Number of protein chains: 2
Amino acid sequence: MKTGKHPRQISARAPTLDDVARTAGLSSMTVSRALNTPQLVRPATVAKVMAAVTATGYIPNALAGGLASSRSRLIALVVPQINNPMFVDTIQALNDALAQRGYTLLLCVTGYSETAEADTVATILSRRPDGIVLTGIHHTQTLKRVIMQAAVPVVEIWDMTPTPLDMLVGFSHEKAGNCLGHFLAQKGYSRPALIWTDDRRGRQRKQGVIASFHQHGITISAESSVPLPASLQLGREALAALLDSGTSCDVIVCSSDTLAQGAIMEAQARQLSVPQQLAVSGFGDLAFAAWNQPAITTVHIDRAAIGHRAATLLADSIAGLTIAEPIIDIGFTMVERDSA
Amino acid sequence: MKTGKHPRQISARAPTLDDVARTAGLSSMTVSRALNTPQLVRPATVAKVMAAVTATGYIPNALAGGLASSRSRLIALVVPQINNPMFVDTIQALNDALAQRGYTLLLCVTGYSETAEADTVATILSRRPDGIVLTGIHHTQTLKRVIMQAAVPVVEIWDMTPTPLDMLVGFSHEKAGNCLGHFLAQKGYSRPALIWTDDRRGRQRKQGVIASFHQHGITISAESSVPLPASLQLGREALAALLDSGTSCDVIVCSSDTLAQGAIMEAQARQLSVPQQLAVSGFGDLAFAAWNQPAITTVHIDRAAIGHRAATLLADSIAGLTIAEPIIDIGFTMVERDSA
DNA sequence: TTGTAAGCGTTATCAC
DNA sequence: GTGATAACGCTTACAA
């Protein structure tokens with residue numbers, strides 16, 4: 001009747017539930033039950049169904065199933081970018097936890113622009129996901145309205161606010177910045193310079209850093225703003241520019257470990273010993289931070305935990321459970337190593 | 001009639017095509033056409049439809065659309081892991097190119113095990129994707145059979161074979177290894193040691209390296225096998241073990257830039273100058289390779305091109321175009337820098 | 001425990 | 001150019 005659209009293949013239409021039912025000598029409803037709720041079907045019948053499934057090579061059509069049940073078992077993940085070492089561990093953990101519960105991830109990359117995010121949402125919602133994971137807490141009004149209207153469980157991640165759209169897993173970037181600033185000030189650094197990416201969460205951390213230094217009567221000596229994505233190259237170049245412009249500083253506070261690694265490398269290339277002549281701090285505690293030479297003093301974020309807990313929250317919410325704590329602060333940990 | 005399953009929301013069912021049709025005073029079929037093929041509908045009618053869409057807040061149901069049209073506009077991506085700096089750029093490029101054409105990525109992570117891949121495939125196919133991207137060319141028989149049966153366009157990526165399932169974008173790892181080996185041998189290195197991850201494509205590259213050294217009458221001095229995922233730590237530790245065991249070598253050939261960076265760092269920690277006392281080579285040309293100190297001699301792979309071309313192949317194939325070149329070798333480039 | 005009937009929200013097809 | 005009708009393949013709800 002219908003032939004595959006793919007030229008390389010001559011195949012009849014895929015077997016349906018009815019085909020399985022026919023070969024099993026049962027009704028399609030019984031087959032459906034045997035597949036989805038076998039405990040409601042006599043074992044012998046289940047066995048017959050399984051045999052028929054194998055015989056026909058049946059693969060359920062989730063499009064039809066989702067339409068009928070209005071449960072798609074799809075979770076939409078909205079991230080600014082995937083090639084970001086920070087997010088990628090969260091995504092992996094999220095995916096693993098979700099896959100285990102039978103959900104599949106729909107990947108939606110917005111590229112750090114809010115308008116694109118709003119656009120994306122229509123695309124996402126058209127897929128009728130059972131849940132949505134949104135990176136960050138700043139969204140356009142349209143997005144908020146449309147999402148709330150859709151009545152889909154939502155988890156915002158990687159940030160903190162008392163008023164999330166629905167649920168939230170993250171931490172306060174301002175507090176993390178604060179913690180880092182205090183730590184460095186208390187270690188005696190008094191002429192800090194910043195190498196920073198200008199994204200929203202980065203800016204919050206920066207405010208935290210600056211505020212805490214101020215509390216110690218310290219002002220920022222200089223600041224270098226670098227574009228996203230952060231890289232070793234940008235870290236090196238930023239420090240080079242800072243040093244060449246004659247900035248006097250004793251610690252370089254970087255908005256990420258990657259920038260810190262670059263800054264350290266540039267310092268070493270200039271025969272500056274780290275941390276003796278110039279200290280450097282990072283953020284994120286990426287895998288290399290502990291093994292860099294010198295090991296990078298940084299702020300540890302449990303990136304996988306964000307993904308894992310977001311998955312749990314979402315799955316529970318979809319299951320209709322009451323979420324006792326819809327706001328989860330996973331916090332952060334100051335990690336003192338050798339670079340500062 | 002039906003209430004949202006999400007407790008926080010009291011919302012009626014989402015507006016359907018019929019709702020839009022009713023408010024616009026048209027048939028649902030006309031609304032569908034106005035949305036999908038506006039050129040077949042009178043402009044005035046299209047305008048009426050658009051107004052009704054806005055008024056109702058209509059968002060199409062892709063589940064229903066996909067079921068009816070048997071086009072899901074979903075592309076399934078199967079990768080061993082996302083938190084791999086090699087794949088992640090490919091994924092990003094693939095996603096971007098696909099999103100532009102109206103496709104959404106379904107993310108399926110298999111974790112380097114072939115059996116898991118076979119399992120995953122049922123999950124994937126149940127979603128009725130319009131196309132599938134498979135990482136690698138080694139799959140279980142079941143997977144091959146099931147996929148071919150599904151008559152879905154498939155692109156295998158990141159490898160090379162004259163007999164792909166369907167289409168292919170990648171390069172020969174063996175040749176890449178060969179090229180690297182020749183390069184190093186010709187530079188005069190004669191006592192190579194290997195630091196290598198034991199994945200399938202890595203093994204192929206290793207064979208290439210070993211074979212080309214052999215052609216120059218050189219045998220591998222020593223080899224350290226490290227688990228996945230590669231990391232700076234593993235690179236350091238592997239070199240440390242190699243050196244501590246008294247291995248005599250003049251170049252460390254690493255299966256990835258990440259390992260190379262670690263090896264370089266360990267060498268420097270031991271006051272060994274790179275490349276004078278010990279040379280190190282990597283693979284992949286990750287962003288940091290060019291800016292490392294010393295810059296890493298490596299093999300460049302255009303990772304984004306793999307994703308981009310895979311997307312084009314898939315989209316064309318879905319569109320019913322005849323694919324002139326279903327096998328695309330994107331090749332590789334030897335990049336001589338300072339570390340070897 | 002199994003079966004029947006009626007949707008789910010779209011699009012294909014054919015008629016007007 | 002627009003509309004009526006019948007799928008698409010499954011699940012819900014109810015009957016047996």
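Residues numbered from 1 in each chain as written. Chains lettered and ligands numbered in written order. Predicted model: local features only at pLDDT ≥ 70, side-chain atom pairs only at ≥ 80, totals over all residues. Heavy atoms only, no water.

A short note on the protein's contact with DNA strand D
Next, step 1: Near DNA strand D there are 24 residues, and of these Ser32(A), Tyr58(A), Thr30(B), Arg33(B) and Thr45(B) occur at the shortest range.
Next, step 2: Considering DNA strand D, the proportion of its atoms within 4 Å of the protein that are sugar or phosphate atoms stands at 63%.
Next, step 3: In this structure, a phosphate oxygen belonging to DNA strand D sits 2.4 Å away from a side-chain N or O atom of Thr30(B).
Next, step 4: Within the residue set of the surface near DNA strand D, elements represented by two or more residues are α2 (28–36) and α4 (62–69) of chain A together with α2 (28–36) and α4 (62–69) of chain B.
Next, step 5: With four residues, the single largest contributor to the surface near DNA strand D is α4(A).
Next, step 6: Of the residues belonging to the surface near DNA strand D, the class tally is 12 nonpolar, nine polar and three charged. (Near = heavy atom within 4 Å. Polar contact = N/O pair within 3.5 Å; in protein donor to acceptor, adjacent residues only side chain to side chain. Helix = DSSP H or I, 4+ residues; strand = E, 2+ residues; numbered from the N terminus. Nonpolar A, V, L, I, M, F, W, Y, C, P; charged D, E, K, R; others polar.)

Quick look at the UniProt feature "domain: HTH lacI-type" (unreviewed entry) in chain A
Next, step 1: UniProt records the feature "domain: HTH lacI-type" (unreviewed entry) at residues 15–69 of chain A, using the numbering of this structure.
Next, step 2: In this annotation, residues 15–69 of chain A is assigned 71% helix and 0% strand; the end-to-end C-alpha distance for the span is 20 Å. (UniProt positions renumbered as here; feature names shortened; annotations may be inferred.)

Let's talk about the interface of chain A and chain B
Next, step 1: Contacts between the two partners involve 58 residues from chain A and, on the opposite side, 59 residues from chain B.
Next, step 2: Buried area between chain A and chain B, summed over both chains or domains, comes out near 5800 Å², and the portion from carbon and sulfur atoms is 58%.
Next, step 3: Where chain A packs against chain B, one counts zero salt bridges.
Next, step 4: Viewed at the interface, chain B and chain A are joined by 24 residue pairs in polar contact (both at pLDDT 80 or more).
Next, step 5: Counted by class, the side of chain A that touches chain B contains 28 nonpolar, 20 polar and 10 charged residues. (Contact = heavy atoms within 4.5 Å. Buried area = accessible area lost by both parts, 1.4 Å probe. Salt bridge = Lys/Arg side-chain N within 4 Å of Asp/Glu carboxyl O.)

Focus on the protein's contact with DNA strand C
Next, step 1: Near DNA strand C you find 22 residues, and of these Thr30(A), Arg33(A), Thr45(A), Leu17(B) and Ser32(B) are the closest.
Next, step 2: In DNA strand C, the atoms that sit within 4 Å of the protein are 62% sugar and phosphate, with bases accounting for the remainder.
Next, step 3: Note that a base nitrogen of DNA strand C is positioned 2.5 Å from one of the side-chain N or O atoms of Arg33(A).
Next, step 4: Between DNA strand C and the protein, one listed contact pairs a base oxygen with a backbone N or O atom of Ala68(A) at 3.5 Å.

Notes on the pattern of salt bridges
Residues and elements named next belong to chain A.
Next, step 1: On inspection of all chains with the given rule, the structure shows 20 salt bridges over all chains.
Next, step 2: Linking Arg-236 and Glu-266 is a salt bridge whose minimum nitrogen-to-oxygen distance equals 3.0 Å. Highlighted residues: Arg-236 in helix α10 (residues 232–244) and Glu-266 in helix α11 (residues 257–269), separated in sequence by 30 residues. The pair formed by Arg-236 and Glu-266 is uniform in burial state, with each residue classed as buried.
Next, step 3: In this structure, the salt-bridge partner of Asp-285 is Arg-337, at a minimum N-O distance of 3.0 Å. Of the two residues, Asp-285 sits in the loop between β9 (279–281) and β10 (298–300) while Arg-337 sits in the segment after β12 (333–335), which places them 52 residues apart along the sequence. (Buried < 20%, exposed > 50% of the residue type's maximum accessible area, 1.4 Å probe, protein only.)

Here we look at the pairing of strand β3 (residues 131–135) of chain B
Residues and elements named next belong to chain B.
Next, step 1: In terms of residue burial, β3 counts as a mostly covered element, since five of its five residues are buried.
Next, step 2: Residues Gly-131, Val-133 and Thr-135 of β3 are buried on one face, and the alternating residues Ile-132 and Leu-134, pointing to the opposite face, are buried as well.
Next, step 3: One ladder, built from four bridges, connects strand β1 (residues 74–79) with β3; its direction is parallel. Across the sheet, the residue bridging to Ala-76 is Ile-132, located in β3.
Next, step 4: As judged from the four bridges shared by β3 and strand β4 (residues 154–157), these two strands associate in the parallel manner. (Pairing = 2+ DSSP bridges.)

Things to note about helix α9 (residues 200–215) of chain B
All names here are of chain B.
Next, step 1: With 16 residues, α9 should cover 22 Å at 1.5 Å per step; its first-to-last C-alpha distance of 23 Å lies within 8% of that length.
Next, step 2: The set of residues buried in α9 consists of Arg-201, Gly-202, Arg-205, Lys-206, Gly-208, Val-209, Ser-212 and Phe-213. Along α9, the residues classed as buried sweep out an arc of 160 degrees about the axis, all on the same side.
Next, step 3: Here the buried face of α9 lies against α5 (85–100), β3, α8 (173–186), β6 (192–197), β7 (222–226) and β8 (251–254).
Next, step 4: One or two residues past the end of α9 sits Gly-217, with phi positive at roughly 75 degrees. (Expected span 1.5 Å × (residues − 1). Arc of directions from axis to C-beta.)

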